[in-house]
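# Chains, contacts and geometry: an overview
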Amino acid sequence: MGEDWIENAVCRAADAENLFVQGSAQNQAKAICTDCSVRTRCLAYALDNRIEHGIWGGTTERERRRLLRREPAVTSWRALLESAEQPWTASSRTPVLAGPASAA
């Protein structure tokens, strides 16, 4: 399966350097992803491929590492995130994960 979702990413129109920032600048970079229609796929791609740098799917490197540590048994983040009824909470804008490992 190709990664054709990339063509629809809002960040394609942004300067790529703005997505690879540190500190408080990360909040501005994450804002680029807020209304992106492929945000979930982007995040899943970054998690499935263990991408360590940059803002992907509205998350920082630290946020993705935390998800990977919290859910080590997940073999396909894409399948998990796409199957979630509400993949983003309104308050934190981070994925809502269902399943036994999430309850821990």
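For the structure, see preceding data.
Residues numbered from 1 in each chain as written. Predicted model: local features only at pLDDT ≥ 70, side-chain atom pairs only at ≥ 80, totals over all residues. Heavy atoms only, no water.

## Focus on helix α2 (residues 39-48)
A large share of α2 lies buried, amounting to seven of its ten residues. Of all the residues in α2, the buried ones are Arg39, Thr40, Cys42, Leu43, Ala44, Ala46 and Leu47. Positive backbone phi, at 50°, marks Arg50, one or two positions downstream of α2. (Buried < 20%, exposed > 50% of the residue type's maximum accessible area, 1.4 Å probe, protein only. Helix = DSSP H or I, 4+ residues; strand = E, 2+ residues; numbered from the N terminus.)

## What to know about the packing of aromatic side chains
Two aromatic rings, taken as a pair, are described by how far apart their centres are and by the angle between their planes. Counted according to the given criterion, the structure contains two aromatic pairs. Through a chain of ring-to-ring contacts, the aromatic side chains of Trp5, Tyr45 and Trp56 assemble into a single cluster. (Phe/Tyr/Trp six-rings, centres within 6.5 Å; stacked < 30°, edge-to-face > 60°.)

## Observations regarding a positive patch on the surface
Side chains of Arg62, Arg65, Arg66 and Arg69 sit close together on the surface and give a patch of like positive charge. Looking at where Arg66 falls in the secondary structure, it is placed in helix α3 (residues 61-70). Residue Arg66 is classed as partly exposed on the basis of its relative accessible area of 44%. (Patch = residues over 30% accessible without salt bridge, like charges linked within 9 Å, V, L, I, M, F, W, Y side chains within 5 Å. Areas by Shrake-Rupley, 256 points an atom, 1.4 Å probe, with all protein chains shown as cover. Salt bridge = Lys/Arg side-chain N within 4 Å of Asp/Glu carboxyl O. Lys, Arg positive; Asp, Glu negative; His and termini not counted. Charge placed at Lys NZ, Arg CZ, Asp CG, Glu CD.)

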